[in-house]
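Close look at the chain arrangement
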Amino acid sequence: MGFDSVAVAIMLSAVVLAIGYLLIVGNSILAEQAMESYKEITHSAVKRLQSNVEIISASYGNGKIVIFFKNVGATKFKNFESFDIIVYGNSFVSDYLRGNFVIVKELTNPEIFDPQETAMVEIDFQLPRGNYTLLICTTNAVCDSFEFYVEGG
């Protein structure tokens, strides 16, 4: 074997080691990113499991929907901006409705919707006579529905 063969063997060994190193580093980065994504998904699932609302009542009169609902989960909500309210029925689906939220049964932490507290929302919305379903969803996409009837309209 000449000097040329030894030099080529050393260079090829270095290239093989460099490629092996890159593959190992790439796999470890990929595994780390997969673990971080898994942690985020798990955290989101646990957060959803801890969130829950229950609609106590919904009524309609004089062009207003009045809804009372309770935080029956373990999550505290600092505001109601991301709560979604939808009304559907009679081959009709509303857009996301906005209303005036008020916490009517404050237990702790003023201005925060804590567990076991009750809130009310009033929505100005005209509905014709018929059966409707109200859907209210929290910021964590946990929803509850309630059926109500509109007498006249």
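For the structure, check the block above.
Rules behind the numbers
Residues numbered from 1 in each chain as written. Predicted model: local features only at pLDDT ≥ 70, side-chain atom pairs only at ≥ 80, totals over all residues. Heavy atoms only, no water. Pairing = 2+ DSSP bridges. Helix = DSSP H or I, 4+ residues; strand = E, 2+ residues; numbered from the N terminus. Salt bridge = Lys/Arg side-chain N within 4 Å of Asp/Glu carboxyl O. Buried < 20%, exposed > 50% of the residue type's maximum accessible area, 1.4 Å probe, protein only. Phe/Tyr/Trp six-rings, centres within 6.5 Å; stacked < 30°, edge-to-face > 60°. Disulfide = S-S within 2.5 Å. Contact = heavy atoms within 4.5 Å. Axes fitted to C-alpha atoms, helices over the stretch in contact; angles between N-to-C directions.

Spatially, the 4 strands line up as an open sheet ordered β4-β3-β7-β8, and their pairing is antiparallel. What marks the edges here is a single partner per strand, and that holds for β4 (92-93) and β8 (143-150). Bridge count between strand β3 (residues 84-89) and strand β7 (residues 130-137): 5 bridges; the pairing is antiparallel. Counted as the bridge partner of I86 is L135 from β7.

In this structure the tally under the stated criterion is 4 salt bridges. In this structure, the salt-bridge partner of E122 is K64, at a minimum N-O distance of 3.7 Å. Taken together, the residues span a long stretch of sequence, with E122 in strand β6 (residues 118-124) and K64 in strand β2 (residues 64-71) at a distance of 58 residues. Accessibility expressed as a relative area gives 32% for K64, which makes it partly exposed. Residue R98 is joined to D84 by a salt bridge in which the shortest nitrogen-to-oxygen separation is 3.8 Å.

The next point concerns the packing of aromatic side chains. Applying the stated criterion to the full structure yields 13 aromatic pairs. Centroid distance F69 to F80: 6.2 Å. Interplanar angle 90 degrees. Geometry classified as edge-to-face. Remark: F80 occurs in the loop between β2 and β3 and F69 occurs in strand β2; sequence separation between them is 11 residues. On the basis of an interplanar angle of 75 degrees and a centroid distance of 5.5 Å, the ring pair of F69 and F113 is categorised as edge-to-face. On the criterion of sequence distance, the pair formed by F69 in strand β2 and F113 in the loop between β5 (100-105) and β6 is long-range, its members being 44 residues apart. With respect to class, F69 is no different from F113; both count as buried.

Here we come to the state of the cysteines. Scanning all chains against the criterion turns up 1 disulfide. Paired through a disulfide, C137 and C143 show a sulfur-sulfur distance of 2.0 Å. Of note, the bridge from C137 to C143 carries an S-S torsion of about 105 degrees and is right-handed in sense. Judged by its relative accessible area of 10%, C137 falls in the buried class. Taking the relative accessible area as the measure of exposure, C143 reaches 37% and is therefore partly exposed.

Checked against the element boundaries, T133 lands in strand β7. T133 has contacts with I86, V87, Y88, S145, F146 and E147, leaving out every residue within four places of it along the chain.

A few words on the sheet that holds β5. Taken in spatial order, the 4 strands line up as β1-β2-β6-β5 in an open sheet, and their pairing is antiparallel. At either end of the open sheet lies a strand with only one pairing partner, and these are β1 (53-61) and β5. The sheet shows a mean angle of 20 degrees between the axes of neighbouring strands, direction not considered. Of the strand pairs in this sheet, β2 and β6 are connected by 7 bridges, and their pairing is antiparallel. Within the sheet, the bridge partner assigned to K64 lies in β6 and is D124.

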